[in-house]
Amino acid sequence: RTLSPVQVTATKIDEPLLGTPQSITVLTSTQIESFGIKAPEELTPFVPNLKLDSGYGAGSRGFLSIRGVGNTPGSMDPSASIYVDDVPYHDFMTYAQPLFDVKQVEVLKGSQGTLYGGFAQAGVIDIRSNLPGQELKRNVSFDLFSPQNTRATVSLSGPVNDRLSLGVSVLDERGESFIKNVTLGKNSDRAQNAIRLQGVLRPDAETEAVLTVMHHRQRNDGGSDYMPVNRATYNTFAGVNTGKFEIANNIEGYQNLDTHAQSLRLKKLASGVEYTVVAANRETKSNSLVDFNYYPNDSTTNAPLNFASKSNDKITNQYFESRARFVPQGSDDADVTVGYSWMKQTYDVYNTVDLSSRTSDLIKANGTNNSLFANGKFPLSKNGMSLIAGLRYEQAERYGHNAGWGGVAPTSISSSNTTWKLGASNLLDNGADLYAHIATGWRPAAVNYYSYNGGGISSPTTVGKEKSTTYEAGYRHATE
């Protein structure tokens with residue numbers, strides 16, 4: 001049978017993968033289901049040059065990198081970003097989002113500065129869920145991973161009338177970790193559930209409105225799953241060095257995560273111009289308690305190291321974008337998009353040690369990004385050769401303050417950058433395309449709210465902006 005052409009939104013417009021001049025790995029809903037992919041970090045075996053570790057269930061904050069460029073834990077400005085139904089998930093806590101009722105995942109590799117700005121120096125993971133349509137669809141699945149681990153999903157979507165369609169998707173997953181806490185004599189308990197509500201309104205052929213509302217709740221009780229990096233360095237009363245997946249720290253503990261997200265996308269075609277407005281909001285709260293009880297082998301006093309940490313974090317993200325696309329009317333016409341975007345992020349942390357006896361971090365931080373951008377595809381010949389060009393100017397403001405250890409005074413820093421992209425694409429008759437481009441990316445200057453000054457140790461309170469350039473050439477071939 002003939003396969004349908006793969007459509008992507010890598011350039012923020014719906015277009016075939018063939019002819020899109022950049023390296024993109026696309027995973028469809030069929031592949032995600034057959035591969036058993038349940039979370040973004042499980043994409044890594046199927047996406048070359050992608051590294052993603054979730055911050056929850058791993059004992060450390062999340063890490064995302066593409067082609068070796070990534071974020072540091074705790075960074076407000078990552079080098080690679082995740083978008084879920086137009087909602088940005090930039091920070092290290094929210095890499096733990098589940099995948100359910102997904103239509104497609106696109107991994108864009110290399111600098112995406114002209115399209116996504118300062119959060120996409122290394123690339124972007126774009127996740128799109130199944131939208132409700134004019135056909136009634138039902139799906140129920142239940143997976144049993146072990147006697148203690150289950151996952152269930154339910155989705156229902158369909159038309160209310162010939163203009164409005166609604167859909168709901170629900171996830172429930174629960175079980176226990178594969179790492180045993182020998183101090184507690186049990187494996188930590190895990191549970192997460194999520195619900196996504198979507199509505200699609202198409203009052204006429206030229207107008208579309210898509211509303212998405214999602215809530216995700218995650219709980220890890222009985223201690224976070226944390227394995228010392230070098231187990232030979234540590235020993236504990238119950239014995240870490242057993243050769244098994246066992247730990248004796250986290251005598252008590254929990255990790256809780258709650259995310260609320262909403263997005264609205266409006267699209268209108270009028271007089272050959274397609275207008276799009278996107279508004280998104282996300283709030284993520286986490287609280288955790290971890291009680292460590294280490295017994296270092298190299299301790300001269302042979303005394304155990306006790307450390308208890310309790311943290312309450314809150315991250316909010318607001319995003320707005322408006323763009324106008326001058327839709328080509330023929331094969332000789334240029335396809336040009338111009339637009340404006342605004343983003344704001346806040347980061348609040350209250351972290352104590354020794355169970356609230358000392359304040360470690362009391363962080364208040366925020367940042368805004370304002371951008372003007374233009375991207376276009378310009379036909380050069382009738383045989384499929386096109387010029388690709390993009391330009392973006394972005395202004396970033398950052399503020400940070402930490403009243404805990406280190407005592408970072410209120411600090412602000414501004415930075416700006418102009419990113420650009422220039423390349424060419426040649427769509428061949430044999431179902432293949434050749435492409436090459438040069439693209440630039442950046443990460444804004446930031447406040448180091450973990451800065452420390454004391455005891456002869458000093459670290460800077462600000463860091464400068466980063467810039468990068470990607471050179472890429474590729475050949476892509478598709479057959480029936």
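Throughout what follows, the structure given in this document is the object of discussion. (Residues numbered from 1 in each chain as written. Predicted model: local features only at pLDDT ≥ 70, side-chain atom pairs only at ≥ 80, totals over all residues. Heavy atoms only, no water.)

A few points about the environment of A409
Okay, so step 1: Within the secondary structure, A409 sits in strand β24 (residues 408-427).
Okay, so step 2: Assessed through its relative accessible area of 45%, A409 is described here as partly exposed.
Okay, so step 3: A C-alpha to C-alpha distance of 8.9 Å links A409 and Y449, two positions 40 residues apart in sequence. (Helix = DSSP H or I, 4+ residues; strand = E, 2+ residues; numbered from the N terminus. Buried < 20%, exposed > 50% of the residue type's maximum accessible area, 1.4 Å probe, protein only.)

Structural notes on the sheet that holds strand β6 (residues 69-70)
Okay, so step 1: Taking strand neighbours across the sheet as the criterion, the 3 strands line up as β4-β5-β6 in an open arrangement whose pairing is antiparallel. If you trace the sheet from one side to the other, it starts and ends with β4 (50-53) and β6, each paired once.
Okay, so step 2: Across 4 bridges, β4 lies against strand β5 (residues 63-66) in antiparallel orientation. What sits directly across from L52, in β5, is L64. (Pairing = 2+ DSSP bridges.)

A word on the pattern of salt bridges
Two side chains bearing opposite charge may form a pair once their charged atoms approach each other closely.
Okay, so step 1: The tally for this structure, following the rule as stated, stands at 21 salt bridges.
Okay, so step 2: For K12, the salt bridge is made with E321, and the minimal N-O distance between the two is 2.7 Å. Here K12 is found in the loop between β1 (7-8) and β2 (15-16), whereas its partner E321 is found in strand β20 (residues 305-326), with 309 residues between them in sequence.
Okay, so step 3: Residue classification places E321 among the buried residues on the basis of a relative accessible area of 1%.
Okay, so step 4: Between D172 and R174 there is a salt bridge whose closest N-O contact spans 2.8 Å.
Okay, so step 5: On the basis of relative accessibility, which here comes to 44%, the residue R174 falls in the partly exposed class.
Okay, so step 6: Via salt bridges that share partners, D86, D126, R128 and R265 belong to a single interconnected network. (Salt bridge = Lys/Arg side-chain N within 4 Å of Asp/Glu carboxyl O.)

With respect to the sheet that holds strand β8 (residues 87-89)
Okay, so step 1: What the 5 strands build is an open sheet, ordered β3-β9-β10-β7-β8; its pairing is mixed. What marks the edges here is a single partner per strand, and that holds for β3 (24-28) and β8. Between one strand axis and the next, the sheet turns through 15° on average, direction left out of account.
Okay, so step 2: Relative to strand β9 (residues 102-109), β3 runs antiparallel, the two sharing 5 bridges. From the neighbouring strand, T25 faces β9, where its bridge partner is V107. (Axes fitted to C-alpha atoms, helices over the stretch in contact; angles between N-to-C directions.)

Some details on the packing of aromatic side chains
Okay, so step 1: Taken as a whole and judged by the stated rule, the model has 4 aromatic pairs.
Okay, so step 2: Seen in terms of ring centroids, F35 and F46 are 4.4 Å apart; in terms of plane orientation they differ by 5°. Their pairing is stacked. Taken together, the residues span a long stretch of sequence, with F35 in helix α1 (residues 29-35) and F46 in the loop between α1 and β4 at a distance of 11 residues.
Okay, so step 3: Measuring from ring centre to ring centre gives 5.4 Å for Y347 and Y449, while their planes differ by 65°; the resulting arrangement is edge-to-face. Of this pair, Y347 sits in strand β21 (residues 335-353) while Y449 is found in the loop between β26 (446-447) and β27 (453-454), placing the two residues 102 residues apart along the sequence. The pair formed by Y347 and Y449 is uniform in burial state, with each residue classed as buried.
Okay, so step 4: An aromatic cluster of three or more residues is present, and its members are Y83, Y116 and Y319.
Okay, so step 5: Directly above the ring of Y116 sits K12, whose terminal nitrogen or CZ lies 4.5 Å from the centroid.
Okay, so step 6: Against the face of Y89 rests R282, its NZ or CZ located 5.0 Å from the ring centre. (Phe/Tyr/Trp six-rings, centres within 6.5 Å; stacked < 30°, edge-to-face > 60°. Lys NZ or Arg CZ within 6 Å of the ring centre and 35° of its normal.)

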